[in-house]
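# Remarks on the overall topology
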Amino acid sequence: MKTGKLVVIVGPMYSGKTSELIQFVEIYSLGKKKFKAFKPVIDDRYDDTHIVSHTNTKVKAFPITNPEEIKNKISGDESAVFIDEIQFFSENLAEVIQELIFNGIDVYCSGLDLTYKNNPFKTTSLIMSYADEVIKKKAVCHECGEYAGTISYKIVENGGEIDVGGFDKYIAVCRNCYVKLKGGNSYE
Ligand SMILES: Nc1ncnc2c1ncn2[C@@H]1O[C@H](COP(=O)(O)OP(=O)(O)OP(=O)(O)O)[C@@H](O)[C@H]1O
Ligand SMILES: Cc1cn([C@H]2C[C@H](O)[C@@H](CO)O2)c(=O)[nH]c1=O
Ligand SMILES: [Zn+2]
């Protein structure tokens, strides 16, 4: 038996991570391969039971809280597993993913690499370490219009680094505009 591969899609908000994940789903779907998709229960922005992109493409997905639930849902004949918004899961997700790829299942996942405070999301960092391929996406900077957006900036200040939302709370910016918005305080 061949082991599976791990592909991780990261970047700031609106950088097309979910759209790219869905394109990979389509490849397996067209090839009539079996797969299952998962998303965190907490992410209820557009839909509870589908992975949905900002451009409204969607794929049916199991909403789960704990990474262990992925193992319970797998029957073993899947060619691939897709997981969106990995930053919201506990670090144990890295173990579960390893088990899948060592059992011959390809895993594609996407999520934020950085919080709006410019801190790495631990679960994403960990999974990137195990990846065969890391696809780093950019957004168009909301401030200067350059295709260089790498950081999500929170336009409402209300504390928590875990805070579900979209255009009501976050924009994507380049590093230069991030510094300007933070009042010139480049690193904290
Ligand atoms: N600033 C922006 N830069 C690039 N695309 C944007 C921007 N704002 C909105 N969009 C739209 O969002 C789409 C990407 O949506 P998608 O859901 O795939 O992104 P995402 O990286 O998964 O976002 P999120 O982390 O918020 O879930 C783009 O194709 C584009 O149509
Ligand atoms: C940038 C950022 C986004 N989010 C949320 C907003 C969205 O619901 C999701 C990204 O698609 O992550 C956080 O919880 N913390 C953050 O620091
Ligand atoms: Zn900019």
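What you are looking at is a predicted structure, and each value in this text was computed from that prediction instead of being measured. (Residues numbered from 1 in each chain as written. Chains lettered and ligands numbered in written order. Predicted model: local features only at pLDDT ≥ 70, side-chain atom pairs only at ≥ 80, totals over all residues. Heavy atoms only, no water.)

## Points about the UniProt feature "active site" (unreviewed entry) in the protein
Summarizing the sequence annotation, UniProt attributes the feature "active site" (unreviewed entry) to Glu85 in the numbering used throughout. Structurally, glutamate 85 can be placed in the loop between strand S6 (80-83) and helix H3 (93-102). Judged by its relative accessible area of 11%, glutamate 85 is buried. Sequence-distant contacts of glutamate 85, defined by excluding residues within four places in its chain, comprise Pro40, Asp43, Arg45, Ser110 and Gly111. (UniProt positions renumbered as here; feature names shortened; annotations may be inferred. Helix = DSSP H or I, 4+ residues; strand = E, 2+ residues; numbered from the N terminus. Buried < 20%, exposed > 50% of the residue type's maximum accessible area, 1.4 Å probe, protein only. Contact = heavy atoms within 4.5 Å.)

## Some words on the site of ligand 2
Taken together, 16 residues surround ligand 2, and among them Arg45, Glu85, Tyr116, Glu161 and Asp163 come closest. Between an oxygen atom of ligand 2 and a main-chain N or O atom of aspartate 163, the distance comes to 2.7 Å. Here ligand 2 has 400 Å² of accessible area as a free molecule, and 98% of this is covered by the chains. More than half of the atoms of ligand 2 fall within 2 Å of the grid points belonging to the largest pocket. (Near = heavy atom within 4 Å. Polar contact = N/O pair within 3.5 Å; in protein donor to acceptor, adjacent residues only side chain to side chain. Areas by Shrake-Rupley, 256 points an atom, 1.4 Å probe, with all protein chains shown as cover. 1 Å grid on protein atoms, 1.4 Å probe; cavity = no way out; pocket = protein on both sides within 12 Å on 5 of 7 lines; lining within 4 Å. Sits in = over half its atoms within 2 Å of the grid points.)

## Comments concerning the UniProt feature "binding site: ATP" (unreviewed entry) in the protein
Within this structure's numbering, the places UniProt gives as "binding site: ATP" (unreviewed entry) are Gly11, Pro12, Met13, Tyr14, Ser15, Gly16, Lys17, Thr18, Asp84, Glu85, Ile86 and Gln87. When the annotated set is filtered for residues lining the largest pocket, what remains is Met13, Tyr14, Ser15, Gly16, Lys17, Thr18, Asp84, Glu85 and Gln87. Mapped onto the secondary structure, lysine 17 falls in helix H1 (residues 17-30). Mapped onto the fold, threonine 18 is located in helix H1. Given a relative accessible area of 14%, threonine 18 falls into the buried group. Leave out the neighbours within four places in its chain, and threonine 18 touches Ile51, Val52, Ser53, Asp84 and Ser110.

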